[in-house]
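Inside the fold
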Amino acid sequence: MATRRFGSPDGWAAGGLAAGLLALLALASVSLFVGVADLTPGRLLDPATREAALVALLESRLPRTAALMLAGSCLAIAGVIMQMLTRNRFVEPTTAGTTEAAGLGMLVMLLFFPGSPVVVKSLVAAGFACAGTALFLRLLRAIPPGSPLLVPLTGIMFGGIIGSLTAYIAHHYGLIQSLGAWRNGDFSVVIAGRYELLWLTLALSVPAYLAADRFTIAGLGRDMSRNLGLDHGRTLIVGLVIVSLISALVVTTVGSIPFLGLVVPNLVSLAMGDNLRRSLPWMALCGAGLVLACDIAGRLIVAPYEIPAGTVFGVLGSLVFLYLLLGRPSRAA
Amino acid sequence: MPHDRALPAAPSGRGLKDSLRRPAVVLSLLALAVLVVAVAFMTVGVKGNWEFALAFRGRKLLAICVVASAIAISTVIFQTIAGNRILTPSIMGFDALYALLQTCFVFFLGSARLASVDTRLLFVVETAAMLAFSLVLYRWLFLGARRGLQVLLLVGVVFGLLFRGTMVLLQRIIDPNEFVVLQDRLFASFNGVAPDLLGIATLVIVAVSVVLWRLRGRLDVLLLGRDQAINLGIDYRRTVSLILILVSLQVCVATALVGPLNGFEPVSFFGLLVANVAYLLVPGFRHAHVLAGAALIGILLLAGGQLVLEQLLGFGSAVGIVTEFIGGILFIVMLLRGMAR
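1. Points about the overall build of chain B
Helix and strand counts for chain B stand at 15 helices and zero strands. Sequence-distant contacts, at least 24 apart, represent 79% of the contacts inside chain B between residues at least 6 apart. Put simply, chain B shows about 14,900 Å² of open surface, and 65% of that area lies on carbon and sulfur atoms.

Right under this line is the structure:
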C-alpha cells in the first residue's frame, strides 16, 4: 500500500519518466551546441564545414555532455544510497568526508606515484574514500540518537579536517592549483580519452538499482531490516563500496560537485516518497539534468570563458540546503 | 559546571591542587607563561641587526596579541550569548564572509584601484561592511524566531559554504592577475601588517575590550540563560544587540588586520579551542576571570606555537594547521558528547 501511495498506475509513471527523458535529451542537445567553437547543426550538415564540426562534436562536446550526465546521475544515486544507509536526509559524499578523503588519496598518489595510470590513482582514491566514509560511519555510532542535524554537521567538519590537512600538504608542495581542480567540478577539461573512466559509474548504477529494495529496507533501521530478513551489515558494505567508487571516480576525473547528492534526492523524495526502486530513475534523471543546466549556465555567464559546473552548483546547492533547513522547520529536526 | 571537575592533574600534593582552584593563581601563572614566551619570541634566533629585529618582531608580537585576544574574548562572549560552548563567530560563517567581501572588493573595484585607495580608508570600509553583514545575520539568527542549537549550527556552517561558493564563483570570473593579488589577502599573515593599521586596530580592540569588561557583570547574568536574565532585570534584546555589535566589531577588526586564520577552509576552530581551554583551566565562571584567561591562552597558543614550530622546529607556517586540526577534533568530540543539544 505505502509504496503506491500516490495511486498512479504504472503506465503513468512510465509516461512521466519518458517525458523527463525527452527533456533531458533536449537539454543535452543544447549542451552539444553551446561553447566557443562554432558548432551548429547547420555546420554539421554543410559538407564544407562538416569535418571540423564533426571533430569538435566527437572530441569535445559529446564527451563533455556524456560526462555531465554520468557524473550528475551517479552522484545523485550515491547521495540517496548514503541517505538510506545512514537514515539521514542530509548526508551525501561531501557531507560525510567521502569526497575529501578521495581528494587526499589523489594528492598522495600525485606526490608519491605521479606516473601511475589514472585507473590506479582512481582506485587508490576510492580506497581512501572508503576508509574515510567507514570512519565517518564509525563516528556516527557515537552520535546520540534523535539528533539528525548532528550527522551532517559532524560529516562536514570531519570533511573539513581532512580537507585542511590535504590543503596544507598541497600548499607545502605548491600543488594548491591541482587541489582547486578537484574541489570544483570542472567539465571544461573533458575531451575524448580523458573521461572514459566515468562510464564505470554507469556500471555501478546497475548494482545500485538491483539492490534498491535492499537499501530501502536498510533505511528502516538495523533491527527492522534484520527482522525482514536482510543482511544489514552486507548491505551496508555494498552501499559503502558503491558510494566510495562513484565519489572517487567523479573526483578524479572531473572534481566534486557539492550537495548534488543532497539536493536531488530530497527534492525527488518530496514529490514521490521513499521507494527507491521507483524514485531512483528519477533521481538519476534530475541529477543529470541539473548538472547539465549548471554547466550550460557556467558556459554562458562569462562566455568565452567558463565557470565550472561544480562552482555554480556549490552556490545553488547551499541555497537549497538552507531552504531545506529553514524553509520547513517541521521536517528538519 | 562541567569545568569544576576537569581541573588539570597537579603533579604534587594538595597544596598545589588547592591553589589551582583560585583564579588569581591560575591567571598569574598564565601571565607568567605569556611573559616568558614573549621574551623568547623577541630574542630567540636573532642574528645581525638587533634594532631591526626587535622592531619587526615587536610589531609581529603586538599583532599576534591583538588578534589572539580579540578572537578569544569575542568567542567567549559569543558563547555566553548563544548559551553553549560550541558556537563561535567563525563557525557561524564569519571567516567565509570576510573572504567573500574581500573578493567582492577586488571584483567590483579591481586590484589597481584598490591599491591606490588609502589602506586606512580601506580598512574602515572593510570593517564597516563586515559589521553590517554580520549584524544582519546574527540578529536574524539570535533575535528572530527561536530555533534549536543544531539548526543554528548547521545553518551557520551552510552559510559559510554558501559564502565560500559565491567567493569561488566570483574568483573564477575575475582576471587571473587579480586573483593572485586576492589570494595573498586570504591567508592570515602576521608578517606584513602595516604599522599604522596595527595602531588603529589595537586602539579599537582595546577600547571595545574595555567596554566589554565593564559589561562583565551583565555577562555573568546572561550566562544564566535568556529567561533568568530577563527575570533579573536585564533588557535582553538591547543588551544582546549591543554585545553582538561589540563582538562583531572585535572580530571584524582582527580579521581585517591579518586575514582569516584558516585560509584553507571556511571555518577556523582557533576561537573554539581557546575558549574551551579557558573554561577548562580557569576555575569558576565569572567573565572577569574567564575573559582574561582566554586572552592569555590565545596569545600563548599563537605566539608560543609560532615560536616552537617555526623558530625551533622549522615547520614553515604550520601553526595554523596544528591549531585548526586540534580545534576541529575538539569540535567533533564536543558534538559527539552531546554538547550541541
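2. Details of unusual backbone geometry
All names here are of chain A. Within the chain, R87 stands out as a residue other than glycine whose phi angle is a positive 55°. Checked against the element boundaries, R87 lands in the loop between α3 (50-86) and α4 (98-112). Backbone geometry at F259 places phi at a positive 70°, although glycine is not the residue there. Relative to the helices and strands, F259 resides in the loop between α11 (232-253) and α12 (260-272). On the basis of relative accessible area, F259 is assigned to the buried category, the value being 4%.

3. Some remarks on the environment of B:L169
With respect to the element layout, B:L169 can be found in helix α7 (residues 149-173). C-alpha separation for the pair B:L169 and B:T103, spaced 66 residues apart in sequence, amounts to 9.9 Å. Those residues in contact with B:L169 that sit more than four places away from it in its chain are A:I307, A:T311, A:V312 and A:V315.

4. So, the confidence of the model for chain B
Residue and element names in this part refer to chain B. The predicted model of chain B averages 80 in pLDDT, with 87% of residues at 70 or higher. Highest mean pLDDT in chain B belongs to helix α13 (residues 270-281) (90); lowest belongs to helix α1 (residues 14-19) (67). Every residue in residues 1-13 scores below 50 in pLDDT, and together they form 19 contacts with partners more than four places removed in sequence or on other chains.

5. Examining the interface of chain A and chain B
Taken together, the contact between chain A and chain B spans 40 residues of the former and 39 residues of the latter. Of the roughly 3,500 Å² buried at the junction of chain A and chain B (both faces included), carbon and sulfur atoms supply 82%. On the chain A side of the interface with chain B, the three residues burying the most area are A:M157, A:I161 and A:Y168, jointly 18% of the side's total. At the junction of chain A with chain B, the criterion picks out zero salt bridges. Secondary structure elements with two or more residues in the side of chain A that touches chain B: α6 (150-172), α7 (176-183) and α14 (309-327) of chain A.

6. Section: the nonpolar core
Among the nonpolar cores identified, the biggest contains 195 residues, and A:I81, A:F187, B:I77, B:L257 and B:F331 are the most heavily contacted of them. Core analysis: the next-biggest nonpolar cluster, separate from the first, contains six residues, A:A102, A:A125, A:A126 and A:A248 among them.

7. Concerning a positive patch on the surface
Taken together, the side chains of A:R138, A:R141, A:R222 and A:R226 define a basic patch exposed on the protein surface. Inspection of the secondary structure assignment puts A:R226 in helix α10 (residues 222-227).

8. Section: the side chain of A:R61
Residues and elements named next belong to chain A. Mapped onto the elements, R61 comes out in helix α3. We note that R61 is buried and unpaired, the nearest opposite charge coming from E306 at a distance of 7.3 Å. Polar contacts involving the side chain of R61 include one to the main-chain carbonyl oxygen of L32, which spans 3.0 Å.

9. What about the packing of helix α3 (residues 50-82) of chain B against helix α12 (residues 236-258) of chain B?
Residue and element names in this part refer to chain B. Where α3 contacts α12, the two axes come as close as 9 Å, and the packing angle between them is 155°. As judged from the angle between their axes, α3 and α12 are roughly antiparallel. Considering only the axes of α3 and α12, their crossing is left-handed. Contact residues: V67, A70, I73, S74, I77, F78 and I81 in α3; Y236, V240, I243, L244, V247, Q250, V251, A254, L257 and V258 in α12. Within the contact of α3 with α12, the residues separate by chemical class into 15 nonpolar, two polar and no charged.

10. Regarding the packing of aromatic side chains
Throughout the structure, instances matching the rule amount to seven aromatic pairs over all chains. Relative to B:F163, the ring of B:F159 lies with its centre 5.7 Å away and its plane at 35°, an arrangement referred to as tilted. Taken together, the positions of B:F159 and B:F163, both in helix α7 and four residues apart, correspond to about one turn of that helix. Residue classification places B:F159 among the buried residues on the basis of a relative accessible area of 14%. By relative accessible area, which is 12% here, B:F163 ends up buried. A connected cluster of aromatic rings, assembled from ring pairs, spans A:F90, A:F259 and A:F321. The lysine or arginine in question, B:R85, covers the ring of B:Y279, its NZ or CZ lying 4.3 Å from the ring centre. Here the guanidinium or amino end of B:R226 rests over the ring plane of B:Y236, the centre of that ring lying 5.4 Å away.

11. Examining α4(A)
Counting along an α-helix, one turn takes 3.6 residues, and residues three or four places apart therefore face a common direction. Between its first and last C-alpha, α4(A) extends 21 Å over 15 residues, near the 21 Å set by a 1.5 Å rise per residue. Turning to α4(A), its buried residues are A:T98, A:T99, A:A101, A:A102, A:G103, A:L104, A:G105, A:M106, A:L107 and A:M109.

12. Brief notes about the environment of B:R139
Residue and element names in this part refer to chain B. Residue position: R139 is located in helix α6 (residues 119-143). The exposure class of R139 is partly exposed, given its relative accessible area of 35%. In this structure, the C-alpha to C-alpha distance between R139 and V180, residues 41 residues apart in sequence, is 35 Å.

13. Examining the packing of helix α9 (residues 195-214) of chain B against α12(B)
Residue and element names in this part refer to chain B. Contact pair α9 / α12: the axes reach a minimum separation of 10 Å and the direction vectors enclose 160°. Classified by the interaxial angle, the pair formed by α9 and α12 is roughly antiparallel. For the element pair α9 and α12, the recorded crossing hand is left-handed. Here L197, L198, A201, V204, I205, V208, S209, V211 and L212 of α9 lie close against α12, whose contacting residues are L246, L249, Q250, V253, A254 and L257. Here the residues of the contact of α9 with α12 are counted per class, giving 13 nonpolar, two polar and no charged.

14. A word on the pattern of salt bridges
All names here are of chain A. All chains considered together, the criterion is met by five salt bridges over all chains. As a salt-bridge pair, D295 and R64 come within 3.0 Å of each other at their nearest N and O atoms. In this pair, D295 sits in helix α13 (residues 276-301) while R64 sits in helix α3, placing the two residues 231 residues apart along the sequence. Each of the two residues, D295 as well as R64, counts as buried. With its nearest N and O atoms 2.9 Å apart, the salt bridge here joins D295 to R299. Taken together, the residues D295 and R299, both in helix α13 and four residues apart, mark about one turn of the helix.

15. Details of the state of the cysteines
Any covalent bond linking the sulfur atoms of two cysteines counts as a disulfide. All names here are of chain A. Counted under the stated rule, the structure contains zero disulfides over all chains. Just so you know, C294 is unpaired, no disulfide at all, and the nearest cysteine sulfur is the one on C286, 13 Å from it. A relative accessible area of 4% places C294 in the buried class.

How each quantity is defined
- Residues numbered from 1 in each chain as written.
- Chains lettered and ligands numbered in written order.
- Predicted model: local features only at pLDDT ≥ 70, side-chain atom pairs only at ≥ 80, totals over all residues.
- Heavy atoms only, no water.
- Helix = DSSP H or I, 4+ residues; strand = E, 2+ residues; numbered from the N terminus.
- Contact = heavy atoms within 4.5 Å.
- Areas by Shrake-Rupley, 256 points an atom, 1.4 Å probe, with all protein chains shown as cover.
- Buried < 20%, exposed > 50% of the residue type's maximum accessible area, 1.4 Å probe, protein only.
- pLDDT = per-residue confidence, 0-100.
- Buried area = accessible area lost by both parts, 1.4 Å probe.
- Salt bridge = Lys/Arg side-chain N within 4 Å of Asp/Glu carboxyl O.
- Core = buried A, V, L, I, M, F, W, Y, C linked by side-chain atoms within 4.5 Å.
- Patch = residues over 30% accessible without salt bridge, like charges linked within 9 Å, V, L, I, M, F, W, Y side chains within 5 Å.
- Lys, Arg positive; Asp, Glu negative; His and termini not counted.
- Charge placed at Lys NZ, Arg CZ, Asp CG, Glu CD.
- Polar contact = N/O pair within 3.5 Å; in protein donor to acceptor, adjacent residues only side chain to side chain.
- Axes fitted to C-alpha atoms, helices over the stretch in contact; angles between N-to-C directions.
- Parallel < 35°, antiparallel > 145°, perpendicular 65-115°, else oblique.
- Left-handed = near helix turned anticlockwise from the far one by under 90°.
- Nonpolar A, V, L, I, M, F, W, Y, C, P; charged D, E, K, R; others polar.
- Phe/Tyr/Trp six-rings, centres within 6.5 Å; stacked < 30°, edge-to-face > 60°.
- Lys NZ or Arg CZ within 6 Å of the ring centre and 35° of its normal.
- Expected span 1.5 Å × (residues − 1).
- Disulfide = S-S within 2.5 Å.

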